[in-house]
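# Remarks on the overall topology
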Amino acid sequence: MNPLIVQHNQYSSESYAVYEAGIVEITKRFSNHFSVFGNYTFSKGFDTSTDYNTDYGPQDPTNLNLDRSLSEFDERHKVVIAGVFGSPWKQSILSGFELSPIFSYHSGHPFNLLAGGEVNGDNHTTNERPIGAPRDTGLGPNYFDFDTRLSWRHKLGEKADLQFTAEAVSYT
């Protein structure tokens, strides 16, 4: 071993993941101009490594199973409600409009707590968790988003349409 080499890394793709989920979905078309969709997902994701970035290597590279924890993509609850509202008018200036709102709720995602300094002797300060803290034990905030689309379509003949679309997104 060369004493001038401070760190020698060997990389391999040796991780695994398990994703478990239950989904309830409701779709209802009320008329030719109105339909609604609802979806609820309850899930849990586990893995031993979500990111192959070397900065987020295992706490103990000799025992990867010690890093089995919630995945960074774990999202326990997700609710989506969407609708499509079409203009019921056929021959007026209000014909051809369609409004499509989408509301989503997401529970927070796990993240790694970091010690801020060298803890395990691997010279990677970006993977150093406080002693005894498993991977991804921090939990981010819940968040909501609202997307909406308004479009207007006008027929220009049998084979051509003119369509204008406006979209907006809001996150909280």
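Values in this document were obtained by computation on a predicted structure and should not be read as measured data.

## A word on the overall build of the chain
A tally of regular secondary structure across the chain gives zero helices and nine strands. Tracing the chain from N to C terminus, the helices and strands come up as β-β-β-β-β-β-β-β-β. The C-alpha radius of gyration of the chain comes to 25 Å, more than 25% above the 16 Å expected for a compact globule of 172 residues. Overall, the C-alpha framework of the chain stretches about 85 × 35 × 25 Å when taken along its three principal axes. Long-range pairs, those at least 24 residues apart, make up 60% of the contacts in the chain between residues at least 6 apart in sequence. Of the side chains in the chain, 13 bear a positive and 21 a negative charge, and the two mean positions are spaced by 16 Å.

## Side note on the environment of His-124
Examined against the element boundaries, His-124 turns out to sit in the loop between β6 (110-111) and β7 (138-139). C-alpha separation for the pair His-124 and Gln-59, spaced 65 residues apart in sequence, amounts to 9.6 Å.

## Focus: the pairing of strand β5 (residues 97-106)
Alignment of strand β4 (residues 77-86) against β5, held across seven bridges, turns out to be antiparallel. Within the sheet, the bridge partner assigned to Lys-78 lies in β5 and is His-106. Examined bridge by bridge, β5 and strand β8 (residues 143-155) share 10 bridges and lie antiparallel to one another. Bridge pairing in β8 places Ser-104 opposite Asp-145.

## Quick look at the layout of surface pockets
A volume near 250 Å³ is recorded for the second largest pocket. Forming the boundary of the second largest pocket are 17 residues, of which Gly-86, Ser-87, Gly-96, Phe-97 and Glu-98 lie nearest the centre. When residues of the lining of the second largest pocket are traced back to their parent elements, those giving at least two are β1 (17-31), β2 (34-47), β4, β5 and β8. Partitioned by chemical class, the residues of the lining of the second largest pocket number five nonpolar, nine polar and three charged.

## Re the pattern of salt bridges
In this structure the tally under the stated criterion is seven salt bridges. One salt bridge in this structure joins Asp-74 and Arg-76, with 2.9 Å as the shortest N-O distance. Its salt-bridge partner being Arg-135, residue Asp-136 comes within 2.8 Å of it at the nearest N-O pair. With respect to burial, Asp-136 and Arg-135 carry one shared label: buried.

## Description of the packing of aromatic side chains
Under the defined criterion, the tally for this structure stands at seven aromatic pairs. Considering the side-chain rings of Phe-30 and Phe-34, the 4.9 Å spacing of their centres and the 20° angle between planes classify their relative orientation as stacked. Summarising the aromatic geometry, the rings of Phe-34 and Phe-85 are spaced 4.7 Å apart at their centres and angled 20° between planes, so their arrangement reads as stacked. With a gap of 51 residues between them, Phe-34 in strand β2 and Phe-85 in strand β4 connect regions that are remote in the sequence. Residue Phe-34 is classed as partly exposed on the basis of its relative accessible area of 27%. For Phe-85, a relative accessible area of 35% gives the class partly exposed. Three or more aromatic residues joined by ring pairs make a cluster, and in this case those are Phe-30, Phe-34 and Phe-85. Above the plane of the ring of Phe-30 lies Lys-28, whose end atom (NZ or CZ) is 5.7 Å from the centre. Above the ring of Phe-46, the side-chain terminus of Arg-68 is found at 4.5 Å from the ring centroid.

## Describing a nonpolar patch on the surface
A surface patch of nonpolar side chains, about 670 Å² in accessible area, is lined by Phe-85, Trp-89, Ile-93, Leu-94, Phe-97, Leu-99 and Leu-150. Structurally, Ile-93 can be placed in the loop between β4 and β5.

## Digging into the side chain of Ser-71
In this fold, Ser-71 is placed in the loop between β3 (69-70) and β4. Looking at Ser-71, its side chain comes within polar contact range of the main-chain oxygen of Phe-46, at 3.4 Å.

So, how was this worked out
Residues numbered from 1 in each chain as written. Predicted model: local features only at pLDDT ≥ 70, side-chain atom pairs only at ≥ 80, totals over all residues. Heavy atoms only, no water. Helix = DSSP H or I, 4+ residues; strand = E, 2+ residues; numbered from the N terminus. Rg over C-alpha atoms; globule rule 2.2 N^0.38 Å. Contact = heavy atoms within 4.5 Å. Lys, Arg positive; Asp, Glu negative; His and termini not counted. Charge placed at Lys NZ, Arg CZ, Asp CG, Glu CD. Pairing = 2+ DSSP bridges. 1 Å grid on protein atoms, 1.4 Å probe; cavity = no way out; pocket = protein on both sides within 12 Å on 5 of 7 lines; lining within 4 Å. Points joined across faces, edges and corners; volume = space filled by probe spheres on them. Nonpolar A, V, L, I, M, F, W, Y, C, P; charged D, E, K, R; others polar. Salt bridge = Lys/Arg side-chain N within 4 Å of Asp/Glu carboxyl O. Buried < 20%, exposed > 50% of the residue type's maximum accessible area, 1.4 Å probe, protein only. Phe/Tyr/Trp six-rings, centres within 6.5 Å; stacked < 30°, edge-to-face > 60°. Lys NZ or Arg CZ within 6 Å of the ring centre and 35° of its normal. Patch = residues over 30% accessible without salt bridge, like charges linked within 9 Å, V, L, I, M, F, W, Y side chains within 5 Å. Areas by Shrake-Rupley, 256 points an atom, 1.4 Å probe, with all protein chains shown as cover. Polar contact = N/O pair within 3.5 Å; in protein donor to acceptor, adjacent residues only side chain to side chain.

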